[in-house]
Amino acid sequence: MAQKMTGALVFDERTDRYDIRFDLASYYGGLHCGECFDVFTRGKWKPTRIEMNMAQEWYLVGIRADDLNGLRVRI
């Protein structure tokens with residue numbers, strides 16, 4: 001099984017979508033609706049997927065967060 005990479009969610013204003021930043025110059029390449037990954041919340045990793053609601057707002061299924069920027073994730 002491949003090793004999962006850990007990074008932080010960041011919003012890319014050029015593409016209007018979230019990406020995962022692994023280090024200063026390394027990015028996942030842009031997340032799309034339905035993509036699955038894990039998010040670190042309340043001291044543990046929880047599986048989730050990214051979606052967009054009818055108001056064109058991004059959210060993580062099963063995760064309560066007012067701001068997705070900076071959340072620790074692994075994929």
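Let me sum up the structure you'll find in this document. The structure presented is a predicted model; accordingly, all values stated were derived computationally and were not measured.

1. A look at the pairing of strand S5 (residues 44-52)
Okay, so step 1: Pairing of strand S4 (residues 36-41) with S5 involves six bridges; the strand directions are antiparallel. Note on S5: the bridge partner recorded for cysteine 36 is arginine 49.
Okay, so step 2: Where S4 hands over to S5, the hairpin turn is made up of two residues, of which arginine 42 adopts a positive phi near 50°.
Okay, so step 3: As paired elements, S5 and strand S6 (residues 58-60) share three bridges and run antiparallel to each other. Counterpart to isoleucine 50 in the pairing with S6 is leucine 60.
Okay, so step 4: Hairpin connection between S5 and S6: a loop of five residues separates the two successive antiparallel strands, and glutamine 56 in this loop has a positive phi of roughly 65°.

2. Let's talk about the sheet that holds strand S3 (residues 26-27)
Okay, so step 1: Taken in spatial order, the seven strands of this open sheet run S3-S2-S1-S7-S4-S5-S6, and their pairing is antiparallel. Looking at strand neighbours, the two that pair on one side only are S3 and S6, the edges of this open sheet.

Basis of the calculations
- Residues numbered from 1 in each chain as written.
- Predicted model: local features only at pLDDT ≥ 70, side-chain atom pairs only at ≥ 80, totals over all residues.
- Heavy atoms only, no water.
- Pairing = 2+ DSSP bridges.
- Helix = DSSP H or I, 4+ residues; strand = E, 2+ residues; numbered from the N terminus.

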